[in-house]
Amino acid sequence: MLRRLKLLTPLTFLRLQSADLRAYQWTIPGILALVALIGFLVLPVRPPVLTDKGLINTVNGLLNTLIGFYIAALAAIATFKNDTLDQTMKGRPPVLKVTRGGEVNEEAFTRRRFLVVLFGYCAFLAILLFGLGVVSLMVAPSFATVKFVAVLRVVWLALYFAMCASLLVSTLLGLHYLIDRMHRE
């Protein structure tokens with residue numbers, strides 16, 4: 001059912017299958033998020049998170065710019081005339097399993113489709129993170145009265161760090177392709 005929900009189409013990046021890609025989808029972001037969470041929790045004086053000069057406000061300031069960048073990159077890649085972008089990726093191209101008419105097929109990705117899916121994921125994640133940040137800042141005062149606030153904070157921080165790490169790694173992967181791989185034959 002979730003695969004059919006059109007609003008979740010940008011999550012296609014996480015459904016791509018490739019031995020090379022798995023590290024960028026899950027392993028590296030997971031390690032970065034875990035290191036960030038542990039680092040945050042062991043600091044003797046924890047940095048502010050939900051204040052005017054805290055983590056969320058700072059990240060949301062960056063996301064204001066990044067959302068526009070991702071959407072511009074998505075539009076540019078989708079319309080850029082370059083025959084090499086429309087060739088199937090060399091080596092072990094990412095594949096997506098799709099079901100049409102009851103048949104499961106694997107579609108190998110072209111460079112253009114890969115970059116569109118990647119930057120679509122980045123735009124989606126940036127918008128989601130921005131919204132999560134805004135809502136968190138708005139409801140933070142209400143959580144001061146919740147008894148299990150310490151557990152809730154750790155779970156929330158783990159999710160937030162995981163999403164930020166995924167966005168960072170995906171952005172760097174996209175930049176690699178825009179800088180280096182897109183212009184190769």
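Residues numbered from 1 in each chain as written. Predicted model: local features only at pLDDT ≥ 70, side-chain atom pairs only at ≥ 80, totals over all residues. Heavy atoms only, no water.

**Observations concerning the nonpolar core**
Going by this rule: Definition of nonpolar core: a set of buried residues of the types Ala, Val, Leu, Ile, Met, Phe, Trp, Tyr and Cys, connected through side-chain atoms within 4.5 Å. A simple rule labels every residue: compare its accessible area, found with a 1.4 Å probe on the protein chains alone, to the largest value its type can have, and call it buried under 20%, exposed over 50%, or partly exposed in between. The helix count covers DSSP runs of H or I at least four residues long, the strand count covers runs of E at least two residues long, and both are numbered beginning at the N terminus. We call two residues in contact whenever any of their non-hydrogen atoms come within 4.5 Å of each other.
Ranked by internal contacts, the top residues of the largest apolar core, which has 40 residues, are F13, L16, Y70, F114 and L167. Among the elements of the structure, α2 (22-42), α3 (55-79), β1 (95-100), α4 (111-139) and α5 (149-179) are those that each provide at least two residues to this core. Sort the elements by how many residues they give to this core and α4 lands first, with eleven residues. Excluding residues that lie within four positions of it along the chain, F114 makes contacts with F13, L16, L21, M89, P94, F109, L173 and Y177.

**A word on the packing of aromatic side chains**
Rules: In this scheme Phe, Tyr and Trp rings, the latter by its six-membered ring, pair at centre separations within 6.5 Å, and the angle between planes marks the pair as stacked below 30 degrees, edge-to-face above 60, and tilted otherwise.
A complete count under the given rule lists seven aromatic pairs for this structure. Ring geometry for F114 versus Y177: centroids 5.0 Å apart, planes at 55 degrees, classification tilted. Taken together, the residues span a long stretch of sequence, with F114 in helix α4 and Y177 in helix α5 at a distance of 63 residues. The burial state of F114 is the same as that of Y177; both residues are buried.

**Details of the packing of α2 against α5**
Test applied: Only C-alpha atoms enter the line fits that serve as axes; for helices the fit covers just the stretch in contact. Angles between N-to-C directions range over 0 to 180 degrees. The labels follow the angle: roughly parallel below 35 degrees, roughly antiparallel above 145, roughly perpendicular from 65 to 115, and oblique for the rest. What makes a crossing left-handed is the near helix being turned counterclockwise from the far one by less than a right angle; a clockwise turn instead makes it right-handed. In this classification, Asp, Glu, Lys and Arg are treated as charged, Ala, Val, Leu, Ile, Met, Phe, Trp, Tyr, Cys and Pro as nonpolar, and every other residue, Gly included, as polar.
With their axes 8 Å apart at the nearest point, α2 and α5 run at an angle of 135 degrees to one another. Between α2 and α5, the crossing angle belongs to the class labelled oblique. Judged by the sense of rotation from one axis to the other, the crossing of α2 with α5 is right-handed. In this structure, α2 uses Y24, I28, P29, L32, A33, A36, L37, F40 and L41 to contact α5, whose residues at the interface are V154, L157, A158, F161, A162, A165, S166, L168, V169 and L173. Taken together, the residues of the contact of α2 with α5 break down into 18 nonpolar, one polar and no charged.

**Topic: the pairing of β1**
Two faces make up the sheet, and in a regular strand the side chains alternate between them. To keep it simple, the criterion reads: Two strands make a pair as long as DSSP finds a minimum of two bridges between them.
Pairing geometry for β1 and strand β2 (residues 103-108), over six bridges, is antiparallel. Opposite T99, over in β2, you have V104 as the bridge partner. From the end of β1 to the start of β2, which pair antiparallel, there are two residues, and G101 there has a positive phi angle of about 60 degrees.

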